Amino acid sequence: MKRKLFILILPVFMLLSLFALEHVNTDLKPPRFLQHLMAQSATVGNAPSEILTTHLPILVIDTGNQVMPGETTGEKDRFGESFYTVAADGRDVISGSLQIMDNSKQPNQSNDEPVMKSLIDIRIRGHASRIFPKKSYLIRLRDEQAENLNIPLLGMGAHHEWVLHGPFIDQTLLRNYMWYNISGNIMDYAPNVRFCEVILDGDYKGLYVLTESITNGEDRLGLTKTAKNAQAIGYLLKADRPYEADLGSVRDIYTYAERMGLLHQDISIVYPGTKNLTPELAKRIELNVSAFERALYSYDFNDPLYGYRQYIDTQSFVNYFIINEISGNADAALYSTYLYKLPGGLFKLCVWDFNNACDNFIGANIDPEGFNMTDRIWYFMLMKDEHFVHEILETYEKLRETLLSDTALETFIDETLAYLGPAIERNNTRWQQEIL
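Parameters at a glance
- Residues numbered from 1 in each chain as written.
- Predicted model: local features only at pLDDT ≥ 70, side-chain atom pairs only at ≥ 80, totals over all residues.
- Heavy atoms only, no water.
- Helix = DSSP H or I, 4+ residues; strand = E, 2+ residues; numbered from the N terminus.
- Buried < 20%, exposed > 50% of the residue type's maximum accessible area, 1.4 Å probe, protein only.
- Contact = heavy atoms within 4.5 Å.
- Patch = residues over 30% accessible without salt bridge, like charges linked within 9 Å, V, L, I, M, F, W, Y side chains within 5 Å.
- Areas by Shrake-Rupley, 256 points an atom, 1.4 Å probe, with all protein chains shown as cover.
- Salt bridge = Lys/Arg side-chain N within 4 Å of Asp/Glu carboxyl O.
- Expected span 1.5 Å × (residues − 1).
- Polar contact = N/O pair within 3.5 Å; in protein donor to acceptor, adjacent residues only side chain to side chain.
- Pairing = 2+ DSSP bridges.
- Axes fitted to C-alpha atoms, helices over the stretch in contact; angles between N-to-C directions.
- Phe/Tyr/Trp six-rings, centres within 6.5 Å; stacked < 30°, edge-to-face > 60°.
- Core = buried A, V, L, I, M, F, W, Y, C linked by side-chain atoms within 4.5 Å.
- pLDDT = per-residue confidence, 0-100.
- Parallel < 35°, antiparallel > 145°, perpendicular 65-115°, else oblique.
- Left-handed = near helix turned anticlockwise from the far one by under 90°.
- Nonpolar A, V, L, I, M, F, W, Y, C, P; charged D, E, K, R; others polar.

Points about the overall build of the protein chain
Helices and strands together make up the secondary structure of the protein chain, namely 10 helices and 16 strands. Counting the 436 residues in the protein chain, one finds 51% classified as buried. Once local pairs closer than 6 in sequence are excluded, the contacts in the protein chain between residues at least 24 apart make up 69%.

Now the structure itself:
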């Protein structure tokens, strides 16, 4: 009898367990792959040498020792932002090749037969991080005709564009890996990530986090490519410093809040790209964003029918607020703020860049007893709505009992450090002379 009862109860228990890991109020989705729990965890490895041995995947990049573009030149534009170097041929990237060693049942060595090979274009990426000795890189996979090549990397969905994040100012090495994964179990989408070790032109570069860039893709935002108007097409926007758009962004838009002097960032269209974005479509997107902002800054801003709620997914904005407040992310809703809209859907936010989170930015002056984002883009008005604040409080209480509890956060940190094992020492040995 007890055995039969157990069989009946077990499926219910599993469903409840899955529910605790999902949105507080949305449909279930597949559990997120957590590398530190689900990948091989044998803490094998050696000191950096001609043949690297590690339990982590190895990425070997060969550019023929070309000079990598994307360094700061020392010159600045009229906004005080740096200019970046270009390749010898004038491009913003150089060409090379990528090989990945990723054995599932034994340690990886840098001279193993690769499980994946591809031609690539690569450059240095980031903003302030470009000045760090340990660089981060943007990688685009391509074929021999220089066309984009969509390939799954380290178990993540197929795409041609990837970010190699090199933790440097984050000496824990954990922040982006940790908060992207936690966010991915709370929000509709957050970039998937995998730890790896990188060798560039024969030089061991240490521990990196291979990261999905925020863009269209079946396993990313799932935006529609073929639609011809802004009502049906999905699109991705980026609010950032008021300077010329970063590589990959194709056009600034001039929205209602910026025209009214209420916005101190520029908003640029990241997707659709140049092939699909017409001036008419760009204008339509600009008008859509302006309609949201006009409603948000209106007298009836909190009216359920005429206010901002007809334009945004409030749960997405609530979750974004909580994640970035509890992590003390100094850059959130200030720099690299991604806003997207699925076809026929509402505006949502996507997290990005936790380098300066968790008390890792001296100039932030973040008080753990107070709030950091209440006066930032869009939240200045959202926080005036009693119902929105109530949603934050209600969601926060539920998350603090599960994914954002002290125990859950401390366990995540401890288990990840244990998983990384000797890779931490190898990385720190490589960069110990450069650590600030």
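Okay, back to it.
Overview of a nonpolar patch on the surface
Taken together, the side chains of F33, L37 and M38 present a nonpolar region at the surface, about 270 Å² in accessible area. Tracing the backbone shows M38 in helix α2 (residues 35-38).

Some words on unusual backbone geometry
That bond from Y271 to P272 is cis: its omega, 10°, falls within 30 degrees of zero. With phi around 45°, S336 is a residue other than glycine that occupies positive phi space. For S336, the location among the structural elements is in the loop between α6 (314-326) and β15 (337-341). Even without being glycine, D353 reaches a positive phi, approximately 70°.

Overview of α6
Between its first and last C-alpha atoms α6 spans 18 Å; for 13 residues at 1.5 Å apiece the expected length is 18 Å, and the two agree. Every buried residue of α6 is listed here: T314, Q315, S316, F317, V318, N319, Y320, F321, I322, I323, N324 and E325. Two or three places before Q315, at the start of α6, stands the capping residue D313, its side-chain oxygen 3.1 Å from that residue's backbone nitrogen. Immediately beyond the C-terminal end of α6, within one or two residues, lies G328, with a positive phi of roughly 60°.

Side note on the sheet that holds strand β9 (residues 161-165)
The strand order β2-β5-β7-β8-β9-β11-β10 describes a closed barrel built from 7 strands, whose pairing is mixed. With direction set aside, neighbouring strand axes in the sheet form an average angle of 40°. One ladder, built from 4 bridges, connects β9 with strand β11 (residues 203-212); its direction is antiparallel. Along β11, the bridge assignment pairs W162 with E212.

Quick word on the packing of aromatic side chains
For the structure on display, the rule yields 19 aromatic pairs. Ring centres 5.6 Å apart and planes at 35° place the aromatic pair F132 and F168 in the tilted group. Remark: F168 occurs in the loop between β9 and α3 (175-184) and F132 occurs in the loop between β7 (116-125) and β8 (136-142); sequence separation between them is 36 residues. No difference in accessibility class separates F132 from F168, as the two residues are buried. Centre to centre, the rings of F292 and W378 are 5.9 Å apart; their planes meet at 55°, and the pair counts as tilted.

What to know about the nonpolar core
One finds L236, L237, F317, Y320, W378, Y379 and L382 to be the most contacted residues of the largest nonpolar core, which totals 79 residues. Look past the residues within four positions of Y320 in its chain and what remains in contact with it is M187, A332, A333, T337, L349, C350, V351, M373 and Y379. Counting 25 residues, the second-largest nonpolar core is a separate cluster that includes L59, I100, L141 and L164.

Some thoughts on the confidence of the model for the protein chain
Taken over all residues, the pLDDT of the protein chain has a mean of 84, while the share at 70 or more is 82%. Highest mean pLDDT in the protein chain belongs to strand β2 (residues 58-62) (98); lowest belongs to helix α1 (residues 2-20) (39).

Quick notes on the packing of α3 against helix α9 (residues 406-420)
Packed helix pairs are characterised by how far apart their axes lie and by the angle those axes make with each other. Contact geometry for α3 and α9: axes closest at 11 Å, N-to-C directions at 130°. Relative to α9, the element α3 lies oblique. The interaxial crossing formed by α3 with α9 has right-handed handedness. Between α3 and α9, the contacting residues are Y177, M178, W179, N181 and I182 on the first element and L409, F412, I413 and T416 on the second. Of the residues contributing to the contact of α3 with α9, the split by class is 7 nonpolar, 2 polar and no charged.

Examining the environment of Y396
Assignment of secondary structure puts Y396 in helix α8 (residues 386-399). Exposure remark for Y396: the relative accessible area of 36% places this residue in the partly exposed category. Along the backbone, Y396 and I322 are 74 residues apart, and their C-alpha atoms lie at a distance of 6.7 Å. If near-sequence neighbours (up to four positions away) are discounted, Y396 is found in contact with I322 and I326.

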